[in-house]
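What follows is each chain in one-letter form.
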Amino acid sequence: MQELHDAPLAPLTTFRLGGPATRLVTATTDDEVIAAVRAADDTGTPLLIIGGGSNLVIGDKGFDGTALRIATRGFALDGTTLTLAAGENWSDAVARTVEAGLAGVECLAGIPGSAGATPIQNVGAYGQEVSATITEVVAYDRRLGEIVTIPSAECGFSYRHSRFKQHPDRFVVLRVRFALEDAGGLSAPLKYAETARALGVEAGDRVPAAVARETVLALRAGKGMVLDPEDHDTWSAGSFFTNPILTEAEHAVFLRRVQDRLGPDVAPPAFPAGDGLVKTSAAWLIDRAGFTKGYGKGPARISTKHTLALTNRGTATTEDLLALAREVRDGVHAAFGVTLVNEPVTVGVSL
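Residues numbered from 1 in each chain as written. Predicted model: local features only at pLDDT ≥ 70, side-chain atom pairs only at ≥ 80, totals over all residues. Heavy atoms only, no water.

1. Concerning the side chain of Thr311
Right, so step 1: Following the sequence through the fold, Thr311 ends up in strand 19 (residues 310-312).
Right, so step 2: By relative accessible area, which is 0% here, Thr311 ends up buried.
Right, so step 3: Within the local environment of Thr311, its side chain forms a polar contact with the side chain of Arg313, the two groups lying 2.8 Å apart. (Helix = DSSP H or I, 4+ residues; strand = E, 2+ residues; numbered from the N terminus. Buried < 20%, exposed > 50% of the residue type's maximum accessible area, 1.4 Å probe, protein only. Polar contact = N/O pair within 3.5 Å; in protein donor to acceptor, adjacent residues only side chain to side chain.)

In structure tokens, the structure reads:
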């Protein structure tokens, strides 16, 4: 187990932002992870868990405590059952499942970060969410002081949310198990219209899983959503804001605001979200509120490829990023009465 003091955290995040941690521990086994967590809990030391760093906004002052970087490794296929150690690179794991001819996560290709983070955020893209294939999560329960296995039905999955995200100081994910599908090398039925259009098929069709993965990677790359150290559009946390979910009453008010601002013939995106709820597009809101691709004059700007990504152009500070995020959030609210919520986890700062 490696230990460093006054250790820079910015290089461990995709934003490349944030100050140092008082202490940085890198754990390569579950036992090391648990030992580091217990040591922090026993001494009352603040603890920050870091996986791939793709969903973190760390304050410029850094983190006064122990940052635990989970670097465990483990990829195991037993038939169609996949078990991943928390520290496994997610995008690499997706590629390996496709190479094995299995379906279920191929449209989640190119998403940066570690496998252990996927159930926390209920990671999803292009018509797939990990909650559809996760069967159980093995975690260290800091409250009970023991390893627990939590079946999918008890994970509290919803849109970009879970029991683990709701109780961030309780569970440390160690391993995640998935039930994939052997469809003879074909993908799961395509659910996302953009993916189907790019492939020249209909929603609900299957295509070779490798082709689906390659198509998603190309779509993501076109939006600056595949990591590239030479491309500042990828110095981000991907989508910075989640798509708003509105009640029917809130949606009606929203539609009136849209008509007043943009005219009676403009119809914003709307998708059923269950139980009388409607989901709309954060990207649409941002763009229509006047925050277009490339917006900003400072070192933190909206991506030139996608309005949902806020980016570090190379010299930004976390405060630069937050100032932009607040400007966008407040501008959208002023225009449409909808409050955007940040998707990345903030450490030592807030919007």
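Now that the structure is up, let's keep going.
2. Details of the pattern of salt bridges
Right, so step 1: A complete count under the given rule lists 14 salt bridges for this structure.
Right, so step 2: When salt bridges that share partners are traced, they join Asp231, Asp233, Lys305 and Arg313 into one network. (Salt bridge = Lys/Arg side-chain N within 4 Å of Asp/Glu carboxyl O.)

3. Here's the deal with the environment of Thr26
Right, so step 1: Inspection of the secondary structure puts Thr26 in strand 2 (residues 20-27).
Right, so step 2: For Thr26 and Ala36, which are ten residues apart along the polypeptide, the C-alpha to C-alpha distance reads 9.1 Å.
Right, so step 3: With residues near it in sequence (within four places) discarded, Thr26 still touches Met1, Gln2, Glu32, Arg69 and Ala71. (Contact = heavy atoms within 4.5 Å.)

4. Some words on the environment of Val33
Right, so step 1: Its place among the elements puts Val33 in helix 1 (residues 30-43).
Right, so step 2: Linking Val33 and Asp287, residues 254 residues apart in sequence, is a C-alpha distance of 42 Å.
Right, so step 3: Discounting residues that sit within four places of it in the chain, Val33 has contacts with Ala27, Leu68, Ile70, Thr72, Val172 and Leu174.

Everything listed here is a matter of geometry and, on its own, says nothing about what the molecule does.
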